[in-house]
Amino acid sequence: MTATSEALAEVVAAFQAGRGPVAVDAERASGYRYGQRAYLVQLRREGAGSVLIDPVGCPDLSALGGTIRDTEWVLHAATQDLPCLRDIGMVPTKLFDTELAGRLAGFARVGLGAMVENVLGYALEKGHSAVDWSTRPLPDPWLRYAALDVELLVDLRDALEEELDRQGKLEWARQEFAAIATAPPPPPRKDPWRRTSGMHKVRRRRQMAVVRELWTLRDQVAQRRDVSPGKVLGDAAIIEAALQLPPNTHALAALSGFGHRMGRRQLEQWQAAVDRARALPENELPQPGQPFNGPPPPRSWADKDPAAAARLSAARTAVTTLAEQLNLPRRTSSPRTPSAGSAGSRRPARPGDGRRSPGRTRRPSLADRAGRTAPHRGPAGRRLLTGPRDTTDGPGRAAPRGRGRPRSRRPSHPRHPEGSGHRAV
């Protein structure tokens, strides 16, 4: 682990003298800490080897980022790591995203482990993907796992570039990579409380106000404690409180998620948020519907006749307000099921549909071979990579371990005799 300024200066000098692309990865503590801060940065470059940098001890990596800024960065799922890398001073000018390249090439499984195994024939040892990377000191098995994430990224990049070139999609991929590298940071999400899991159950504006108050309070508490918001209060508990509208702490404690583990002071804190939502005037309640943050909607009749659209909107608002005043239940309709022989039914597929004409053949691609069995993975078979390569004595590679891992023997289950009322699983 590189955790001091002196060691970081040596890393900067080594990567400046290196050659070729730079494999980059970052580990966060999602589900344990507040936000998406990087708690470990892994890099590898030919001539410099692999390094693991501790952003807690070295919070400013702008010197390293400036050294490799104009070099191509190789990342897997770049959009997930770039925000936390940008926070510590590392911003690339050009990159190669192996996950996006796998999608463009037609691979069904684009995870790093699956891509390395299908393309390069190595099985990465993946067992610490969901651990708390804010733990200090980090155990050695975790560090080996982190080093493996950048061990073969450049090799994977070269193989995918060749495959994209063979399919005629390399220029498409380069345009996509350039768009990711030059994209500005995403703007703050509008009304993030609307993304609470289970929000589709909340129908009334007063209930939406409860969700907003509880979500805001939970976010403040999580940020102050530096823990994941889900560890402070679950989404299911927020939705339950919004639907039930508890009048006091006794009723709130009876709801799921506000159990006996919460102290009286915490219950009073959550109940105060519910009471604030109950006391809001009608004009301060949130409006129904989720804000649209995607591409512009297609042109509709409302664009052609704005006056009619305004009348319809006013009528819907009046009906909604009247329904809330009268406390009318919301009407729901069941989906219509087309009968047999109707226009919406489809004919069954015929045996010959979709087949290629005889005599037409094509050379199988890497994406086609990804779903096949071991004989198509090369003469070395399936190789298990359990640790990073040692770059001190030269560009070595982890040695293959035979033609595959031994299969585990599963206990056989006796078949039940016919008529016993049991089925063999």
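Description of the structure in this document. Position numbers for residues count from 1 along each chain, tracking the sequence in the order it is written. A pLDDT threshold of at least 70 governs which residues receive local features in this predicted model, and a stricter bar of 80 or more applies before side-chain atom pairs are shown or counted, although totals over entire chains, interfaces and linings include all residues. Side-chain numbers here rest on the full set of heavy atoms in the structure, without hydrogens or water.

## Structural notes on the pattern of salt bridges
Inference 1: Salt bridges are defined by distance alone: a side-chain nitrogen of Lys or Arg within 4 Å of a carboxyl oxygen of Asp or Glu. Scanning all chains against the criterion turns up 16 salt bridges.
Inference 2: In this structure, Arg174 engages Glu161 in a salt bridge whose closest nitrogen and oxygen atoms are separated by 3.8 Å. Note that Arg174 is positioned in helix α8 (residues 170-182) and Glu161 in helix α7 (residues 153-167), a separation of 13 residues in sequence.
Inference 3: With its nearest N and O atoms 3.3 Å apart, the salt bridge here joins Glu268 to Arg264. Of this pair, Glu268 and Arg264 both sit in helix α13 (residues 264-278), four residues apart, which is roughly one turn of the helix.
Inference 4: The class of Glu268 is partly exposed, set by a relative accessible area of 38%.
Inference 5: The exposure class of Arg264 is exposed, given its relative accessible area of 61%.
Inference 6: Linked by salt bridges that have partners in common, Glu72, Arg157, Asp158, Glu161 and Arg174 make up one network. Secondary structure elements follow DSSP: runs of H or I no shorter than four residues count as helices, runs of E no shorter than two count as strands, and numbering proceeds from the N terminus. Relative accessibility thresholds used throughout: buried, under 20% of the residue-type maximum; exposed, over 50%; partly exposed, between the two (1.4 Å probe, protein chains only).

## Some thoughts on the environment of Val24
Inference 1: You can see Val24 is positioned in strand β1 (residues 19-28).
Inference 2: The exposure class of Val24 is buried, given its relative accessible area of 0%.
Inference 3: In this structure the C-alpha to C-alpha distance between Val24 and Gln42, which are 18 residues apart in sequence, comes to 5.8 Å.
Inference 4: Contact criterion: two residues are considered in contact whenever any of their non-hydrogen atoms come within 4.5 Å of each other. Sequence-distant contacts of Val24, that is, excluding residues within four places in its chain, are made with Gln42, Leu43, Trp73, Val74, Leu75, Leu85, Val150 and Leu153.

## Re unusual backbone geometry
Inference 1: Pro137 follows Arg136 through a cis peptide bond whose omega is -5°.
Inference 2: Residue placement: Pro137 occurs in the loop between β6 (122-124) and α6 (140-151).
Inference 3: Even without being glycine, Ala77 reaches a positive phi, approximately 60°.
Inference 4: Residue position: Ala77 is located in the loop between β4 (73-75) and α3 (78-87).
Inference 5: In this structure, Leu245 takes a positive phi of about 50° despite not being glycine.
Inference 6: Turning to its location among the elements, Leu245 is positioned in the loop between α11 (235-244) and α12 (249-253).
Inference 7: The class for Leu245 is partly exposed, based on a relative accessible area of 24%.

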